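A closer look at the structure
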Amino acid sequence: MKQSHTHPLSAILRTTAFACALLFHPLHLHAQTAPPTASQYPSTHFADFLKSNFTQREFEAKPAPATRWLDNGSRYTVLEPSASGASELVAYETNTGKRAVLVSAKQLTPSGSSKPLAIDDYFWSPDGKSLLIFTNAQKVWRLRTKGDYWTLSLASGKLTKLGGDGPAATMMFAKFSPDSNAIAYVRNNNIYVQDLASQSIRQLTTDGSADIINGTTDWVTEEELSLRNAFRWSPDSTHIAYWQFDQSGVGEFSLINDTNEQYPVVFRYKYPQPGGINASVRAGILSTQGGSTTWIKLPGDPRNNYIPRLDWVGDSNQIVLQYLNRLQNTNQVYLADAATGQSRMLFEDKDRAWVDIMDKFEWVSGKSGQPRQEMLWISERDGWRHAYLASRETGQLHLITNFPGDIITPLTIDSANGFFYFLASPTDSIRAYLYRSPLDGSKAPERLTPADETGRHTYDVSPNGAFAIHSFSSAAHPPTYDIVQLPSHKVARTLVNNDTLVAKEKTINPQPVEFLQTTVSGGVKLNTFMIKPPNFDPAKKYPVLVYIYSEPASTTVQDRWGYTIYKAMASEGYIVVSFDNQGTPAPLGREWRKVVYGAVGVLSAKQQDEAIREFARQHPFVDTTRMGIFGHSGGGSATLNMMFRHPGLYQAGVSMAPVPDQRLYDSIYQEKYMGLPADNPQGYRDGSPVSFAEGLQGHLLVMHGSGDDNVHFQGTERLVNRLIALGKPFDFMDYPNRTHALSEGEGTLVHRYALLMRYFEQYVPAGPR
């Protein structure tokens, strides 16, 4: 349940009542003053903020330009508006900033058209002579991965539409062959190759259908393994390695759209639930001249194993792939012969809880003419998330990051200079800094980020290792993007700064975000953030709103920019707080993250209960008779757990897009952290909030989108039925056809946050006492 963050249009603010509420509260046992009428909520101040934030986007930070490295890092390219307003492709010299237009808007205008192509993405050919342009992009689940492709010859200026006479916006993942002579792409679950000289098209697979998927993936693989683009050219351009999924037998889910047409429209897709039938997956190699597929021979049931990553090993003779078992506690790396499909296991990574996959294969480049011999691997086998190099011949791993801390994000290998770059923060888990280690592991990692830049940093390191496009932000410092030299970290040029947002945010609430730690049983310290209201008086008592997530997919306490919405909530007269319990993915070691295996939702509820009680004990200004809690996705589930398992602790809770019953979520996510339902029935019961619904005492509002393809409306409807059967009063808001993000459609985000604050201000009265 990864949290979704989008930026929709918004409009209507204050007076919309609970149009879809099912039940309203009778008198409760909580002593409180009579609430004001609903029309007074939210305050004008908060309503104005919602409009300026979500409709006018006045608090939105300017992003970095979407850059691509060129010429091994000596230049980079970016799309910029031309004098006419249309996009043109521009190159900058990395060191000096000297600008040159590489492709003008006129060059991007098809013959017979008055308008240039709207570029959604672009890719250079390996020989640098052609440009592949992705346009007319359409959304497929989360991302816009389906559209039209064109090529532009830089020499002739010829612009050519690819895909023949196929339907518009149906091509996916087009990419140049390594020799730059052809383009491969996916259309309707089949793989095609188009020769650029003759424009002839060859269909390589013919069995693609609703159930047989070639070259792309099924829903759950895209969602949980982040795999969409599922084919790879061989280095010699003669073959393509690809994934094939067979969804036959997988349970089908239906989404009902009641609003777009006169009659409801039903959309059906395959969605495996925990313990159910998964799609079968296999990998094969095809000649670009056509013919039969050579399937890679792997052990075990293809429905109970995953192939999360695959690639060629620098030459065209071998494939390397990850082979993950269904329980996701063993990830085996195989080398396969491309001609025969025979494979051998190189090494395996195991854990008694779960293992994480490597996002990509990265090799230490050998000397000119020599094959690659060592591969980067990230493992927690020694208790920390460390980097190793694995021998291509023996599979033996040797440690290259020798320090008592976690890698947060691996960045790149600089083979020429012998370094591995990564993000880490060994002594401060809410921040992230650039480090590098020598590839032989002979020295401890060296921090490259300056000591005075406290916060979170990201880096896109150039291929030659000499530069990086660097971003920096903290809770007090909006994002800045610049180009830095490595390893000195000297700023060569600033690309974007957002300094004006500092003063603007202070008009909402001048109070800083405070970071602290809260101790729970066993001496465990939980990272905590706190935001106080304006004109805070420590001698008075204030209500508290707790923002919660608590699951293995995300943390809430990070020293980064992005607390504006919580500052606005605090400005209404609340203290806003969040705690990261054990089991969240903080860089605090393997045991911290994996102690929740088989019991997601149990330990987190216990520690969150202890945390708010200890926080209130440490801070006498907390009014424990006025406390609310809210969260989205996994945080929505956690909100239910706190309201049900710890009755009376919170006077009100708002649960957005929750998973009330873990047995109803998707197989890959839930089984990774909980095992199979047949092996762990008690764990699934104890981790599911619906099992404890009888404990509800306070005011509960549940929000869900009926078009949620990720966390289905089904679970919330079952929770509604359970609460009705128990005679429990609650409130419910259905957002028609909205996805898991709960953001699509005009006014949705404004309405959602106005509703949330109206609920809290009614049942957790604001302001000091």
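Residues numbered from 1 in each chain as written. Predicted model: local features only at pLDDT ≥ 70, side-chain atom pairs only at ≥ 80, totals over all residues. Heavy atoms only, no water.

**With respect to the overall build of the chain**
- Helix and strand counts for the chain come out as 11 helices and 44 strands.
- What you see for the chain is a C-alpha radius of gyration of 27 Å, in line with the 27 Å of a compact globule of 769 residues.
- Overall size of the chain, expressed as C-alpha extent along the three principal axes, is 80 × 60 × 55 Å.
- Residue burial in the chain is summarised as follows: out of 769 residues, 59% are buried.
- Pairs at least 24 residues apart make up 60% of the contacts formed inside the chain by residues separated by at least 6 positions. (Helix = DSSP H or I, 4+ residues; strand = E, 2+ residues; numbered from the N terminus. Rg over C-alpha atoms; globule rule 2.2 N^0.38 Å. Buried < 20%, exposed > 50% of the residue type's maximum accessible area, 1.4 Å probe, protein only. Contact = heavy atoms within 4.5 Å.)

**Description of helix 10 (residues 713-726)**
- Helix length check: helix 10 (14 residues) gives 20 Å between terminal C-alpha atoms against 20 Å at 1.5 Å per residue, within 8%.
- All of the buried residues in helix 10 are Phe713, Gly715, Thr716, Leu719, Val720 and Leu723. Buried residues of helix 10, seen end-on, are gathered within an arc of 160° and therefore sit on one face of the element. Those residues of helix 10 that are exposed and aimed more than 90 degrees away from the buried face are Asn721 and Ala725. (Expected span 1.5 Å × (residues − 1). Arc of directions from axis to C-beta.)

**A word on helix 8 (residues 667-674)**
- Within helix 8, 8 of the 8 residues are buried, which leaves the element mostly enclosed by the surrounding structure.
- Where helix 8 is buried, its residues meet helix 2 (219-225), strand 20 (305-306) and helix 9 (681-687).
- Here helix 8 starts with a cap whose side-chain oxygen sits 3.1 Å from the backbone nitrogen of Ile668, and that cap is Asp666.
- Of the residues flanking the end of helix 8, it is Gly675, one or two places downstream, whose phi is positive at about 75°. (Polar contact = N/O pair within 3.5 Å; in protein donor to acceptor, adjacent residues only side chain to side chain.)

**With respect to the sheet that holds strand 33 (residues 456-461)**
- Strand order across the open sheet formed by 4 strands is 33-34-35-36, with antiparallel pairing between neighbours. The sheet is open, and its two borders are formed by strand 33 and strand 36 (491-496), each paired with just one other strand. Going from strand to strand, the sheet's axes swing by 25° on average, the running direction of each strand aside.
- Inspection of the sheet shows strand 35 (residues 477-485) paired to strand 36 by 4 bridges, in the antiparallel sense. Across the sheet, Ile483 pairs through a bridge with Arg493, a residue of strand 36. (Pairing = 2+ DSSP bridges. Axes fitted to C-alpha atoms, helices over the stretch in contact; angles between N-to-C directions.)

**Overview of the side chain of Ser234**
- If you trace the backbone, Ser234 turns up in the loop between strand 14 (231-233) and strand 15 (239-246).
- Residue classification places Ser234 among the buried residues on the basis of a relative accessible area of 0%.
- Side chain to side chain, Ser234 and Asp236 meet in a polar contact 2.7 Å long.
- The contacts of Ser234, once residues within four sequence positions are left out, are Pro178, His239, Trp312 and Ser316.

**Things to note about the nonpolar core**
- Counting residues in each nonpolar core, the largest one holds 43 residues, and the members touching the most others are Tyr566, Phe630 and Met703.
- Within the residue set of this core, elements represented by two or more residues are helix 1 (44-55), strand 38 (525-531), strand 39 (542-547), helix 4 (564-570), strand 42 (652-656), strand 43 (699-705), strand 44 (731-735) and helix 11 (748-763).
- When residues no more than four places from it in sequence are discounted, the contact partners of Tyr566 are Phe529, Ile531, Tyr547, Val576 and Phe630. (Core = buried A, V, L, I, M, F, W, Y, C linked by side-chain atoms within 4.5 Å.)

**Some points on the packing of aromatic side chains**
- Per the counting criterion, the structure on display carries 38 aromatic pairs.
- Centroid distance Tyr185 to Tyr192: 5.4 Å. Interplanar angle 5°. Geometry classified as stacked.
- Take Tyr185: its relative accessible area is 0%, and that puts it in the buried class.
- With a relative accessible area of 15%, Tyr192 lands in the buried category.
- Counting every residue linked through ring pairs, the aromatic cluster contains Phe515, Phe529, Tyr547, Tyr563, Tyr566, Phe630 and Phe760.
- Of note, Lys504 hangs over the ring of Phe59, and the distance from its end group to the ring centre comes to 5.1 Å.
- We note Arg645 situated over the ring of Phe692; from NZ or CZ to the ring centre the distance is 4.1 Å. (Phe/Tyr/Trp six-rings, centres within 6.5 Å; stacked < 30°, edge-to-face > 60°. Lys NZ or Arg CZ within 6 Å of the ring centre and 35° of its normal.)

**With respect to the pattern of salt bridges**
- Under the counting rule described, the total for this entry stands at 37 salt bridges.
- A salt bridge links Asp356 to Lys672; its shortest N-O distance comes to 2.8 Å. Residue Asp356 is found in the loop between strand 24 (343-350) and strand 25 (363-364), and its partner Lys672 is found in helix 8; the two are separated by 316 residues along the sequence.
- Relative accessible area serves as the criterion here: at 14%, Lys672 is assigned to the buried category.
- Across the salt bridge formed by Lys606 and Glu610, the nearest N and O atoms sit 2.8 Å from each other. Of this pair, Lys606 and Glu610 both sit in helix 6 (residues 602-618), 4 residues apart, which is roughly one turn of the helix.
- A relative accessible area of 38% places Lys606 in the partly exposed class. (Salt bridge = Lys/Arg side-chain N within 4 Å of Asp/Glu carboxyl O.)

**As for the packing of helix 1 against helix 11**
- Viewed as axis vectors pointing N to C, helix 1 and helix 11 meet at an angle of 155°, and their least axial separation amounts to 9 Å. As far as their axial angle goes, helix 11 and helix 1 are roughly antiparallel. For the pair helix 1 and helix 11, the crossing hand works out as right-handed. Residue-level contacts link Phe46, Leu50, Phe54 and Thr55 of helix 1 to Leu749, Val750, Tyr753, Ala754 and Met757 of helix 11. (Parallel < 35°, antiparallel > 145°, perpendicular 65-115°, else oblique. Left-handed = near helix turned anticlockwise from the far one by under 90°.)

**Considerations on the sheet that holds strand 38**
- One open sheet accounts for 8 strands, arranged 37-38-40-39-41-42-43-44; its pairing is mixed. The open sheet has two edge strands, strand 37 (513-519) and strand 44, and neither has a second partner. Taking the axes of each pair of neighbouring strands and ignoring which way they run, one obtains an average angle of 20° across the sheet.
- The sheet contact formed by strand 43 and strand 44 spans 5 bridges and is parallel. Looking at the pairing, Leu701 lines up with Asp731 of strand 44.
- Packed on one face of the sheet, helix 6 meets strand 37, strand 38, strand 39, strand 40 (575-580) and strand 41 (622-632) and runs near 110° to strand 37.

**Comments concerning unusual backbone geometry**
- Following Leu486, the chain continues into Pro487 via a peptide bond in cis, with omega recorded as 10°.
- Summarising the element assignment, Pro487 is placed in the loop between strand 35 and strand 36.
- A positive phi angle, close to 65°, is found at His489, a residue other than glycine.
- Given the relative accessible area of 5%, His489 is considered buried.
- In this structure, Leu742 is a non-glycine residue whose phi angle is positive, near 50°.
- By the secondary structure assignment, Leu742 is in the loop between strand 44 and helix 11.
- A relative accessible area of 0% means that Leu742 is categorised as buried.

Keep in mind these values describe shape, not function.
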